[in-house]
Amino acid sequence: MRLKEETEFFEEEEEREQSMVAHKFSPQPMMKGVVVGYALTSKKIKSFLQPKLEGLARNKGILFVAIDQHRPLSDQGPFDIVLHKLSGKEWRQILEDYRQTHPEVTVLDPPDAIQQVHNRQFMLQEVADLNLSDAYGTVGVPRQLVIKKDPASIPDAVNKAGLRLPLVSKPLVVDGSAKSHELSLAYDQYSLQILEPPLVLQEFVNHGGVLFKVYVVGEAIKVVRRFSLPDVSKRELSTNAGVFRFPRVSCAAASADDADLDPGIGELPPRPLLERLAKELRRRLGLRLFNLDIIREHGTRGRFYVIDINYFPGYGKMPEYEHIFTDFLLSLVQSRYKKRASKPVEEPVR
């Protein structure tokens, strides 16, 4: 009899506690399927939305839905996440308006934040301002000069800025086209006049012909090696002249992950250094999907330079991107649900 009374007592206590919690907090929403609306170029759809990614996403309860650009965005969905990589002022305005009217939807990433890395005059500014230095090494940016017009003025501008040859020339604006990622390497001052502004000139840093692509997906990072431009010796600089043009080097080049490299060249940057750099840039840039092209100055162990930042890069070339990306999408929605569940309900005024 006593056991029965105790059992009833504990059941009543449990009911009272549940009732109190129900009054204090809103009911915890159940995690439902995640709907990701995407607005991507046909090229991006082909490289990113591969069958393996879509299959894994379905197994995890994630559905990718194409956004119809000919219909109002607010009439579509409902979406949990909007994933995009389209250009143009009109599209940016559509997204900004949508963000204002649908604050419950995560837009990857905010259009204004993306604009900063579409202009090489400002792209690396946050890295320069960060001036990262710790026991694992230093991270900086090459000295650079912006030329907006008048090719004939370039040699004089380079002299005044004190930039050293050879110089890497890059288009000023990154608009997603192949041309905006083409590079030129200028060996002499006279040849600088044949370059086509608007452009950015960066001092070329010898780096053993290898660069590190650091992919950032939320808090996750993944590093791969790529072959890059070869070092330029003093002898080559004195005997060569002209401008040499290259395609998008880090994408056109083969992977260097399996190459037999000198450890001083091929050793990956220290993980703690990259994690700190990625965390700071996520906060400063306001982006969660980007990659960094990083080089190590040849002959040094811990002197690194960021030479480019790309928004929503070619994740299809990143090992295990399917698992990393789907986990990231789920974490965004789970985080939002937790916030809703922990928000107290305001009691009505009596």
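This is a predicted model, so every value here is computed, not measured.

What counts and how
Residues numbered from 1 in each chain as written. Predicted model: local features only at pLDDT ≥ 70, side-chain atom pairs only at ≥ 80, totals over all residues. Heavy atoms only, no water. Salt bridge = Lys/Arg side-chain N within 4 Å of Asp/Glu carboxyl O. Helix = DSSP H or I, 4+ residues; strand = E, 2+ residues; numbered from the N terminus. Buried < 20%, exposed > 50% of the residue type's maximum accessible area, 1.4 Å probe, protein only. Core = buried A, V, L, I, M, F, W, Y, C linked by side-chain atoms within 4.5 Å. Contact = heavy atoms within 4.5 Å. Expected span 1.5 Å × (residues − 1). Arc of directions from axis to C-beta. Pairing = 2+ DSSP bridges. Axes fitted to C-alpha atoms, helices over the stretch in contact; angles between N-to-C directions.

Time to look at the pattern of salt bridges. A full pass over the atoms with the stated rule returns 16 salt bridges. In this structure, Arg 276 engages Asp 134 in a salt bridge whose closest nitrogen and oxygen atoms are separated by 3.4 Å. One end of the pair, Arg 276, is in helix H11 (residues 271–285); the other, Asp 134, is in strand S5 (residues 132–134), with 142 residues separating them in the sequence. Where Glu 280 meets Arg 284, a salt bridge forms, and the shortest distance between an N and an O atom there is 3.5 Å. Of this pair, Glu 280 and Arg 284 are both found in helix H11, 4 residues apart, which corresponds to roughly one turn of the helix. With relative accessibility at 29%, the residue Arg 284 sits in the partly exposed group.

What follows deals with helix H3 (residues 51–59). Looking at H3, one finds that the buried residues are Leu 53, Gly 55, Leu 56 and Ala 57. Note on H3: the residue one or two positions beyond its end, Gly 61, has a positive phi of about 85°.

Here we come to the nonpolar core. Generally speaking, nonpolar side chains in soluble globular proteins are found buried as a group. Ranked by size, the top nonpolar core spans 60 residues in total, and within it Phe 48, Phe 64, Leu 83, Ile 309 and Tyr 315 carry the most contacts. When residues in this core are grouped by element, the largest group, 9 residues, is from helix H12 (residues 321–342). Sequence-distant contacts of Leu 83, defined by excluding residues within four places in its chain, comprise Val 36, Gly 37, Tyr 38, Ala 39, Leu 40, Phe 48, Phe 64, Leu 108, Leu 289, Phe 312 and Phe 325. Among the nonpolar cores identified, the runner-up in size contains 12 residues, and Leu 145, Leu 167, Ala 186 and Val 243 belong to it.

Spanning 15 residues, H11 covers 21 Å between terminal C-alpha atoms, matching the ideal 21 Å at 1.5 Å per step. All of the buried residues along H11 are Leu 273, Leu 274, Leu 277, Ala 278, Leu 281, Arg 282 and Leu 285. Buried positions in H11, seen along its axis, are confined to an arc of 160° and lie on one side of it. Opposite the buried face of H11, at more than 90 degrees from it, the exposed residues are Lys 279 and Arg 283. A positive phi of about 75° marks Gly 286, the residue just after H11.

For a regular strand, side-chain orientation follows a simple rule: the groups alternate between the two sheet faces. A large share of strand S14 (residues 289–296) lies buried, amounting to 8 of its 8 residues. Two strands pair when backbone bridges link them, and strand S11 (residues 210–217) and S14 are joined in this way by 6 bridges, in the antiparallel orientation. In the strand pairing of S14, Lys 213 is matched with Asp 293. Relative to strand S15 (residues 303–311), S14 runs antiparallel, the two being bridged by 7 bridges. When the sheet's bridge partners are listed, Phe 290 is paired in S15 with Tyr 311.

Read from one edge of the open sheet, 5 strands run S7-S10-S8-S9-S13, paired in antiparallel fashion. In this open sheet, the two strands that pair with only one neighbour each are strand S7 (144–147) and strand S13 (243–246). Averaged over all pairs of adjacent strands, the angle between their axes in this sheet comes to 25°, without regard to strand direction. For S7 and strand S10 (residues 199–203), the ladder comprises 4 bridges, and the chain directions are antiparallel. Bridged to Leu 145 within S10 is Leu 201.

Among the 5 residues in strand S8 (residues 167–171), 4 count as buried, and that is most of the element. Sheet topology places S8 next to strand S9 (residues 183–186); 3 bridges connect them, and they run antiparallel. Across the sheet, residue Val 168 finds its bridge partner in S9, namely Leu 185.

With that out of the way, let us pick up unusual backbone geometry. Residues Leu 108 and Asp 109 are joined by a peptide bond in cis, for which omega reads -10°. Checked against the element boundaries, Asp 109 lands in the loop between strand S4 (106–108) and helix H5 (111–116). Backbone torsion omega between Pro 197 and Pro 198 reads 0°, so that peptide bond is classified as cis. Positive phi outside glycine occurs at Asn 131, with the angle close to 50°. Inspection of the secondary structure assignment puts Asn 131 in the loop between helix H6 (125–130) and S5. Given a relative accessible area of 57%, Asn 131 falls into the exposed group. Although it is not a glycine, Phe 312 adopts a positive phi angle of roughly 45°.

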